[in-house]
Amino acid sequence: MTIRRFFGEFLIVLMVAIAAPSVGQDTTIVQRQSAGQTIPDTLLFKIQKAQSVITELKAANKKGYGIARIQAGLADVKASVAPVSADVKAHRKAIDTKNLANYNLILNDALEKLANWRTALSKSNNDLQSLLDQVLVLSNDSLLTVAGNDTTEKKLYADQLVSLKFQLQDAGTRTSAQLNIVSRLLADVSGTYLNISNLQTTINDQLQRSTVNTFRKESPYVWEAPARLNTDNLQTILRSSYQGQQKILKYFFASTWDNRFLLLLLCIAFFVWVYTNYKKVRTPALQQKIGVVDFNNLRPVPIVGSLIVLLNLTPLFEPESPSLYIELTQFLLLLVLTLHLWKRFTKQDLWLWLLNGVLYILLIVTNALVGDSLFMRLWLIALNIAFLYIGLVFFKRLQRKTAIDRLIGSVARLYLLLQSLAILSNMFGRLSLAKTFSITAVVGLVQIIGLSIFIQLFLEALELQIKISACSDGLFSRVNVNHIRRSFKKGLFFVAIALWLLVFFINLGLADSLYTFFYHILTKPRSFGSVTFTLSNVLSFSIIVYLSSLLQKNIGLLFGESQLPVKDGQVEQISSVLALIRLVIIIAGVLLAVAASGISIDKFTVVLGALSVGIGLGMQTIVSNFVSGIILIFEKPFRIGDYIELADKKGRIRDIGIRSSKMVTGQGSEVIIPNGDLLSNRLVNWSTSATYLKTEFNLKVSNETDLQTLTEIIQKEVGQLDGIQSTMPPEVIVTNISGDSIELKVLVWIKSIYTEAGLKSELLKRLVVRFREATIKLM
């Protein structure tokens, strides 16, 4: 037992001893495999993340975050604002209200740009800081570092990790530099924004003070003004004013180029219109009909006339233009008017006009320099006196025969009043008012003269178009030209007065205040019961309805419809599609008017429901006529210009409307026929291509007359007439016989009812002559 027990224990120990190395070896392999799987997976993830961050940094550095663009824009903003700041500091006391408002526009634009740049730079700064933090974290990550005694499989990635380290260091350096540039630029933008905000606050304070102290004393009385004149200060003021005004104009030109382009297109269209019409007049056919065309202001190549139109319409297309821009455009207008009126001036008038131009230039320069100095204020008074002399001479020579002359006379009176007020304001220390009154008076007088030429140019261009159109059966040959002339002249006067008032209020510095006042009135919400509206909505609704009504009434002119009485035999038939077009215009106008009125859809449906009830109760006839009009449009039983017979009425259709149509009878009276009657009653159309008409007349001849000879004469004369139905010969019927006479009825078939009266008259005239030749005695 003992031996057997010992032998069994020995076998167990031996088996354990043999198995132990194998188990230890397996454990080591499992541990190595686990470490080999864990470390490379995490390491690869870190390497991919680092490479992603490096790629993002490279893309960001390449993009540059718009730094170059912002730096260039910031330099432009500083250059634009510097003259404004210099002008504010140079004048110290006050600047003209108009210039302050213009400076405010420049500063608002600069602040808007700076705010956008500050937002973009702040975002860029945060993005770069976030990327830099990621670079630092990755650079300090021990997993991406290979030690010399490292026994893990990271040694397999040693070269890649070393390269990655260098790339992270380089990216970090570049990102730090980029972040530094962005941070400095952000600080510069923020500081500039703060400085411009302070400058704008100063300008707003001056604007508020200038508004409150408009009529208060701002300078010493002229007899208390200091006599010294600092020329260095004048040069500084002139330089700062010039630079400030230059920036105003530069900003204005850059922000309103689209309006200027539209104005240029309009003036080119005027040039082409006039030039083309003069070219047509030179053709032999029209020259023989029209004769020699000679106008006072319009020329065959209207270059000067187009420039006058351009300069007069400038304020209409650029109502927010700075006062200096208005002054310069009016000076250019003065030069163009000088070229236009050069040959029409007498020698004395020419010298007076040129003197006015020279004084105008001096006034612009003086307004920029004048201050408390006695010399400059006396110089301004001298200019005002010179302008008063020119105004008095002009007023005495002005002839007040036409409406244009009377309008110029009214402005001349205002010119004298403003120059007088400028002298008084200067004397009593209201220097800003003196400058404003002076320039407003001169600009107003030059502008009204330019507008008078502007009106005459357009009236002469219209007259030329009327002459050409009347000779070539154009649009104006179908309308009442006297009415067109009156309406066009009234419209031109309205535009001229509006333009003059616009420039007048801009020069006085009241344009913005008036705009704000009327804008508040028009946009203020008002209530009527549960309905809320504004006056602008009501105005828009009324204008759209009026224009739609005007358009649908006159759209027929484009389709050959005439507003003039039509002579027999000269009727043109017009398709009834015109009525459909009018219907479309009315419906579109109503829908646009409702949309412009601001009425909500639910309230509009309530209105439609109320209308439907009214239709059901008392508007059946109107609806019936309306529907009948639509049916007439599509069935087309007749067209405009057709001669129809309806019950006891005969006449020509003048208009096909939506509710009713108009017919002109042979007596010249206009009959309005509901469309329902046209559709439901018996109607005869005498104007279709297969229709012919029988006309008849009676003759009474002696009983000794040879009827065969008489019949042959009638047939021969009828056959020689145009407009006779050749396939149907005339008939001569005996209707009565008495002791000494025979009564006859002659039946003649004609092609058109419009020529009935003319053909009958012509035939009777010929028969009288032939009967005398044939000795046929009429009883």
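Owing to the predicted nature of the structure, the values given are computational and were not obtained by experimental measurement.

Visitor: Please set out the sheet that holds strand β6 (residues 670-674) residue by residue, giving values where relevant.
Guide: The antiparallel open sheet is built from 5 strands, whose spatial order is β6-β5-β4-β3-β7. In this open sheet, the two edge strands, each paired with only one partner strand, are β6 and β7 (683-685). Within this sheet the neighbouring strands show an average axis-to-axis angle of 40 degrees, counted without direction. One ladder, built from 5 bridges, connects strand β4 (residues 649-656) with strand β5 (residues 660-665); its direction is antiparallel. When the sheet's bridge partners are listed, isoleucine 656 is paired in β5 with serine 661.

Visitor: If you had to explain the pairing of β6 to someone new, which residues and values would you point to?
Guide: Here β6 shows a clear split, with Val671 and Ile673 buried on one side and none of Glu670, Ile672 and Pro674 buried on the other. Direction of pairing for β5 relative to β6: antiparallel, over a ladder of 5 bridges. Paired with valine 664 across the strands is glutamate 670, a residue of β6.

Visitor: Now, about helix α11 (residues 374-397): what can you tell me, with residues and values included?
Guide: The terminal C-alpha atoms of α11 lie 35 Å apart, and with 24 residues this matches the ideal 34 Å at 1.5 Å per residue to within 8%. Buried within α11 we find Met376, Arg377, Leu380, Ile381, Leu383, Asn384, Phe387, Leu388, Ile390, Gly391 and Val393. Close packing links the buried residues of α11 with α10 (347-369), α12 (403-427) and α13 (431-471).

Visitor: A description of the packing of α11 against α12 should follow, citing residues and the corresponding values.
Guide: At a closest axis distance of 9 Å, the pairing of α11 and α12 adopts a crossing angle of 160 degrees. Judged on the interaxial angle alone, α12 and α11 are roughly antiparallel. As for how α11 packs across α12, the hand of that crossing is left-handed. Facing α11, whose interface residues are Arg377, Leu380, Ile381, Asn384, Ile385, Phe387, Leu388, Gly391, Leu392, Phe394 and Phe395, α12 presents Ile408, Gly409, Ala412, Arg413, Tyr415, Leu416, Gln419, Ser420, Ala422, Ile423, Asn426 and Met427. Of the residues belonging to the contact of α11 with α12, the class tally is 15 nonpolar, 6 polar and 2 charged.

Visitor: Explain the pattern of salt bridges to me, using residue names and the numbers behind them.
Guide: The full count for this structure, using the stated rule, is 8 salt bridges. Taken together, the shared-partner salt bridges in this structure form one network comprising Glu717, Arg770 and Glu773.

Visitor: Account for the packing of aromatic side chains, naming residues and giving values.
Guide: In this structure the tally under the stated criterion is 13 aromatic pairs. Ring centres of tryptophan 223 and phenylalanine 428 lie 5.9 Å apart, and the angle between their planes is 90 degrees; on these two criteria the pair is classed as edge-to-face. Of this pair, tryptophan 223 sits in the loop between α4 (158-212) and α5 (231-255) while phenylalanine 428 sits in the loop between α12 and α13, and the two are 205 residues apart along the sequence. Residue classification places tryptophan 223 among the exposed residues on the basis of a relative accessible area of 53%. Centre to centre, the rings of tyrosine 515 and tyrosine 519 are 6.0 Å apart; their planes meet at 20 degrees, and the pair counts as stacked. Note that tyrosine 515 and tyrosine 519 are positioned in helix α15 (residues 511-523) at a spacing of 4 residues, about one turn of the helix. When its relative accessible area of 55% is taken as the criterion, tyrosine 515 is described as exposed. Residue class for tyrosine 519 comes out partly exposed when judged on its relative accessible area of 47%. Three or more aromatic residues link up through ring pairs in this structure, and these residues are Phe270, Trp273, Phe454 and Phe458. The aromatic ring of tyrosine 193 is capped on one face by arginine 118, whose charged end is 4.2 Å from the ring centroid.

Visitor: Give a detailed account of the confidence of the model for the protein, specifying residues and quantitative values.
Guide: Note: predicted coordinates in regions of low pLDDT should not be interpreted at a detailed level. Scored by pLDDT, the protein comes out at a mean of 76, with 73% of its residues at no less than 70. Considering only residues more than four positions removed or in separate chains, one finds that residues 1-38, a stretch of pLDDT under 50, has 2 contacts. Predicted confidence for residues 566-573 stays below pLDDT 50, and this span has 15 contacts to residues more than four positions away or in other chains.

Visitor: Describe the nonpolar core, listing the residues and the values that go with them.
Guide: Within the largest apolar cluster, 76 residues are counted, with the highest numbers of intra-cluster contacts made by Phe270, Leu298, Val309, Ile448, Phe454 and Leu464. Considering every element that reaches this core, the biggest residue donor is α13, with 21 residues. Setting aside anything within four residues of it in sequence, one finds leucine 464 in contact with Val274, Asn277, Tyr278, Val281, Val293, Phe295 and Leu298. Counting residues in each nonpolar core, the second largest holds 26 residues, with Val77, Leu107, Leu199 and Leu207 among its members.

Visitor: Account for a nonpolar patch on the surface, with residues named and values stated.
Guide: Taken together, Phe517, Phe518, Leu522, Leu535, Leu539, Ile543, Tyr546, Leu547 and Leu550 make up a surface patch of nonpolar side chains, about 830 Å² in accessible area. The set of elements that each furnish at least two residues to the nonpolar patch consists of α15 and α16 (535-554). The element that contributes the greatest number of residues to the nonpolar patch is α16, accounting for 6 residues. Locating tyrosine 546 in the fold gives a position in helix α16. According to the relative accessible area criterion, tyrosine 546 is exposed, its value standing at 53%.

Visitor: Summarise helix α21 (residues 707-719); cite the residues concerned and give the values.
Guide: Look at α21: 18 Å from first C-alpha to last across 13 residues, which is about the 18 Å you get at 1.5 Å a residue. Regarding α21, its N-cap is aspartate 706, as a side-chain oxygen of that residue lies 3.2 Å from the backbone nitrogen of glutamine 708 further along.

Visitor: Describe the side chain of asparagine 125, and please don't skip the residues or the numbers.
Guide: Structurally, asparagine 125 can be placed in helix α3 (residues 97-139). Asparagine 125 sits in the buried class, given a relative accessible area of 17%. At 2.9 Å, the side chain of asparagine 125 forms a polar contact with the side chain of serine 183. For asparagine 125, the contacting residues outside a window of four places in its chain are Leu179, Val182 and Ser183.

Visitor: Go over the packing of α10 against α11 with me, naming the residues and quoting the values.
Guide: Running from amino to carboxyl end, α10 crosses α11 at an angle of 150 degrees, the nearest separation of the two axes being 10 Å. When the axis of α10 is compared with that of α11, the two are roughly antiparallel. Here the hand of the crossing between α10 and α11 comes out left-handed. Contacts between α10 and α11 pair Gln348, Asp349, Leu352, Leu355, Asn356, Leu359, Tyr360, Leu362, Leu363, Thr366, Asn367 and Leu369 from the former with Met376, Trp379, Leu380, Leu383, Ala386, Phe387, Tyr389, Ile390, Val393 and Arg397 from the latter. Classifying every residue of the contact of α10 with α11 gives 16 nonpolar, 4 polar and 2 charged.

About the criteria used
Residues numbered from 1 in each chain as written. Predicted model: local features only at pLDDT ≥ 70, side-chain atom pairs only at ≥ 80, totals over all residues. Heavy atoms only, no water. Pairing = 2+ DSSP bridges. Helix = DSSP H or I, 4+ residues; strand = E, 2+ residues; numbered from the N terminus. Axes fitted to C-alpha atoms, helices over the stretch in contact; angles between N-to-C directions. Buried < 20%, exposed > 50% of the residue type's maximum accessible area, 1.4 Å probe, protein only. Expected span 1.5 Å × (residues − 1). Contact = heavy atoms within 4.5 Å. Parallel < 35°, antiparallel > 145°, perpendicular 65-115°, else oblique. Left-handed = near helix turned anticlockwise from the far one by under 90°. Nonpolar A, V, L, I, M, F, W, Y, C, P; charged D, E, K, R; others polar. Salt bridge = Lys/Arg side-chain N within 4 Å of Asp/Glu carboxyl O. Phe/Tyr/Trp six-rings, centres within 6.5 Å; stacked < 30°, edge-to-face > 60°. Lys NZ or Arg CZ within 6 Å of the ring centre and 35° of its normal. pLDDT = per-residue confidence, 0-100. Core = buried A, V, L, I, M, F, W, Y, C linked by side-chain atoms within 4.5 Å. Patch = residues over 30% accessible without salt bridge, like charges linked within 9 Å, V, L, I, M, F, W, Y side chains within 5 Å. Areas by Shrake-Rupley, 256 points an atom, 1.4 Å probe, with all protein chains shown as cover. Polar contact = N/O pair within 3.5 Å; in protein donor to acceptor, adjacent residues only side chain to side chain.

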